[in-house]
Amino acid sequence: MTRTTCGYLEESGRHPNRLQSMGQNQKAENSGLVMGLFCMFFSSLIMSIYTDLASPIWLVAARRRMIGAAIVAAFSSLSFVIGYARHSHSWVLRQGWWIPLRRFVEIISLTVVYATTFFFIVLAALTVVAYVFGSQFSQYLIWLVGGFAAVGAYITYVQANQLSAKTVASLLPFFVISGVTTAGSMSDDHDWWRNNFSQLGDRTTFAASLFNYTIVMAGICIIIISYFSVSEMITYYRLTINNNRKPIKHFIRRMLLLFLLLLLSALCFLGVGLFRYTPHPVLHNICARGIALPLTLLMVLLPWLAPQLSRAMYLVSDLIIVIIAARGISWVLGYTSLTNVEALAVFLFMAWFIIFSRQIGAMETDRVQQEELSLLVPASEQPARTESRINPEI
C-alpha cells in the first residue's frame, strides 16, 4: 500500500488493515451470487435425478423441457421469497394478525409473477436450444437447467432488495411473448394465425394448454400489479396531503373505479384462457370481445381517474384508442385478419400497462426521495411517513 493511500485512510479515521462494512446493495449482490451457486447445484441435481427415475412417458422432449423450466421457476421463486421476506418488518404481531397475513398474501402474489415469468422465458429458451442442437440436446439439458437456475436466483434475489412497481410490470410482456411464441411454434395447427388467437388455444394439445395457461397467468399478474400500482397511488396522494397540497375530490372513488376497470380487463384475459371456444363459445366471446369495453373506458377516463399522471400518459392512451379503432375498421373492410388486430391490441395494451406502471414507479421514487429529504427537517416539523406496499422493508 502506498504512502498516499495510507495517509488518506488515516486521515479518514480508518485503519488500512480493516475492511469497511458493506452497504445493503453490495450485500444483496454477494448474497445473490451465493444463492445462485446454491440453486445451480441443487437444480442440476434434481434434474439429473428426474431424468434417471422418471417414466418413459415423462421423458418426452417437450415434457423434459417443461420440467426443466418448472425447476428453474421453483428455485427462482425460492430465491425471491428469501430475498424479499428477510427485510420485512411486518411479521411482528403488535398490531394483530392482519398485517402479517396481508404481507404473506402479497409475497405469494409477487412470487407468482416471478415464477410465471421465469417458467415461460426458460421454456422458450430451452425450446430454441433444442431446435438448434437437435438430438444432441438431451446431454446439455441438466447443465442448462443449472445455469438458468443460477441466473434466475441471482436476478430475483437482487431485485427483491430493490423492488418497485415498474420493475414488476416490466416482467409482464416477457412471459406473455415467450408463452405465446412457444405455444405457436409447438402447435400442430399451422394455419391458426389465419383466423384468430382463440384458434391457437381451441384444442386439448400441449401447445393449446400452454397458450391458455399463458393467458390465464397474464390476467392474474395484471390483477397483482394493479393492486400494487393503485396502492402506490394512494400512498403518494397521502404524502401530498401531508405536505399541505390541495386534495383531489372523490379520490377514493376514483381509485376504486380505476382498480375495477383494471380488474375487469384482467378477468376478461382470464376468461379467454379458461373458456375455450369450442365447448364454451358464448363465454369465450363475451370475454374476448368484452375486454374492449373496460380498456376503452380506462384510457378515455384516465385523466379523471388518475390526475396525478402526466399529460403525455393521457396522450398515449388516446393514441392507442385511435390506432386500434383504425385497425379494427380495416379488419371489417377485409384488409387484414382478426389475428393481426388482436395481436396489435394486446401488444398496445401491454405497452400501455407497462408505461402506466412505470409512471407510478416514478412517483414512488419521487416519494422516497422526498421522505429522505424530510429527514433533514426537525422531527416536530416532519409530515407523517407513508409506506409503499411493494417496499420489501415494510
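## Points about the overall build of the chain
Right, on to step 1. Per the secondary structure count, the chain includes 13 helices and zero strands.
Right, on to step 2. Along the chain, helices (α) and strands (β) appear in the sequence α-α-α-α-α-α-α-α-α-α-α-α-α when read from the amino end.
Right, on to step 3. Sorting the 394 residues of the chain into buried and exposed places 43% on the buried side.
Right, on to step 4. Summed over its atoms, the accessible surface of the chain is roughly 21,000 Å², and 65% of this surface lies on carbon and sulfur atoms.

## Quick notes on helix H10 (residues 292-300)
Right, on to step 1. All of the buried residues along H10 are Pro294, Leu295, Leu298 and Met299. Projection of H10 onto a plane perpendicular to its axis shows the buried side chains occupying an angular sector of 125°, all on one side.

## Structural notes on the packing of aromatic side chains
Right, on to step 1. Counting across every chain of the model gives 15 aromatic pairs.
Right, on to step 2. An angle of 25° between the planes, with centres 4.6 Å apart, marks the rings of Phe80 and Tyr114 as stacked. On the criterion of sequence distance, the pair formed by Phe80 in helix H3 (residues 61-85) and Tyr114 in helix H4 (residues 98-133) is long-range, its members being 34 residues apart. Comparing Phe80 with Tyr114 shows no difference in burial state: the two are buried.
Right, on to step 3. Plain terms: the ring middles of Trp352 and Phe356 are 5.1 Å apart, the flat faces sit at 5° to each other, and that makes the pair stacked. With Trp352 and Phe356 both in helix H13 (residues 338-374) and four residues apart, the pair spans about one turn of that helix.
Right, on to step 4. A relative accessible area of 0% places Trp352 in the buried class.

## Some remarks on H4
An α-helix turns once per 3.6 residues; consequently, residues spaced three or four apart project the same way.
Right, on to step 1. With 36 residues, H4 extends 52 Å between its outermost C-alpha atoms, agreeing within 8% with the 52 Å of an ideal straight helix rising 1.5 Å per residue.
Right, on to step 2. Of the residues trailing H4, Gly134 is marked for its positive phi of about 65°.

## Regarding the environment of Phe197
Right, on to step 1. By the secondary structure assignment, Phe197 is in the loop between helix H6 (165-186) and helix H7 (206-242).
Right, on to step 2. As for Phe197 and Val272, which are separated by 75 residues in sequence, their C-alpha atoms are 9.9 Å apart.

## Quick word on the packing of helix H8 (residues 251-274) against H10
Right, on to step 1. Contact geometry for H8 and H10: axes closest at 8 Å, N-to-C directions at 150°. In terms of orientation, H8 and H10 fall into the roughly antiparallel class. The chirality of how H8 crosses H10 is left-handed. Judged by residue contacts, Leu258, Leu261, Leu262, Leu264 and Ser265 of H8 engage Pro294, Leu295, Leu297 and Leu298 from H10.

## Some points on empty space enclosed by the protein
Right, on to step 1. The final tally for this structure, using the stated rule, is three cavities of 30 Å³ or more.
Right, on to step 2. Quantified by volume, the largest cavity comes out at close to 40 Å³.
Right, on to step 3. Along the walls of the largest cavity sit Phe197, Ser198, Gly201, Asp202, Phe211, Asn212, Val272, Arg276, Tyr277 and His284, which together make up its complete lining.

## Points about the confidence of the model for the chain
Right, on to step 1. Mean pLDDT over the chain stands at 80; residues scoring 70 or higher make up 82%.
Right, on to step 2. The low-confidence segment residues 1-19 (pLDDT under 50) makes seven contacts with residues lying over four places distant or belonging to another chain.

## So, a nonpolar patch on the surface
Right, on to step 1. Side chains of Leu257, Leu260, Leu264, Leu267, Leu293, Leu297, Val300, Leu301 and Trp304 sit close together on the surface and give an oily, nonpolar patch of about 740 Å² of accessible area.
Right, on to step 2. Residue assignment for the nonpolar patch shows that the elements contributing at least two residues are H8 and H10.
Right, on to step 3. Broken down by element, the nonpolar patch gets its largest block of residues, four residues, from H8.
Right, on to step 4. Looking at the secondary structure, you find Leu297 in helix H10.

## What to know about the environment of Ile225
Right, on to step 1. If you trace the backbone, Ile225 turns up in helix H7.
Right, on to step 2. Along the chain, Ile225 and Ser357 lie 132 residues apart, while their C-alpha atoms are 7.9 Å from each other.

## Looking at the nonpolar core
Right, on to step 1. In terms of nonpolar packing, the biggest core is built from 86 residues, with Leu258, Leu309, Trp352 and Phe356 touching the most fellow members.
Right, on to step 2. Residues within four places of Trp352 in sequence aside, it is in contact with Leu262, Leu298, Met299, Leu302, Met313, Ser317 and Ile320.

## A look at the packing of helix H2 (residues 24-53) against H3
Right, on to step 1. Contact geometry for H2 and H3: axes closest at 10 Å, N-to-C directions at 150°. In terms of orientation, H2 and H3 fall into the roughly antiparallel class. When the axes of H2 and H3 are compared, the crossing they make is right-handed. Contact residues: H2 offers Met35, Cys39, Phe42, Ser43, Ile46, Met47 and Tyr50, while H3 offers Arg63, Arg64, Ile67, Gly68, Ile71, Phe75, Ser79 and Ile82.
Right, on to step 2. For the contact of H2 with H3, a count of residues per class yields 10 nonpolar, three polar and two charged.

The rules behind the values
Residues numbered from 1 in each chain as written. Predicted model: local features only at pLDDT ≥ 70, side-chain atom pairs only at ≥ 80, totals over all residues. Heavy atoms only, no water. Helix = DSSP H or I, 4+ residues; strand = E, 2+ residues; numbered from the N terminus. Buried < 20%, exposed > 50% of the residue type's maximum accessible area, 1.4 Å probe, protein only. Areas by Shrake-Rupley, 256 points an atom, 1.4 Å probe, with all protein chains shown as cover. Arc of directions from axis to C-beta. Phe/Tyr/Trp six-rings, centres within 6.5 Å; stacked < 30°, edge-to-face > 60°. Expected span 1.5 Å × (residues − 1). Axes fitted to C-alpha atoms, helices over the stretch in contact; angles between N-to-C directions. Parallel < 35°, antiparallel > 145°, perpendicular 65-115°, else oblique. Left-handed = near helix turned anticlockwise from the far one by under 90°. Contact = heavy atoms within 4.5 Å. 1 Å grid on protein atoms, 1.4 Å probe; cavity = no way out; pocket = protein on both sides within 12 Å on 5 of 7 lines; lining within 4 Å. Points joined across faces, edges and corners; volume = space filled by probe spheres on them. pLDDT = per-residue confidence, 0-100. Patch = residues over 30% accessible without salt bridge, like charges linked within 9 Å, V, L, I, M, F, W, Y side chains within 5 Å. Salt bridge = Lys/Arg side-chain N within 4 Å of Asp/Glu carboxyl O. Core = buried A, V, L, I, M, F, W, Y, C linked by side-chain atoms within 4.5 Å. Nonpolar A, V, L, I, M, F, W, Y, C, P; charged D, E, K, R; others polar.

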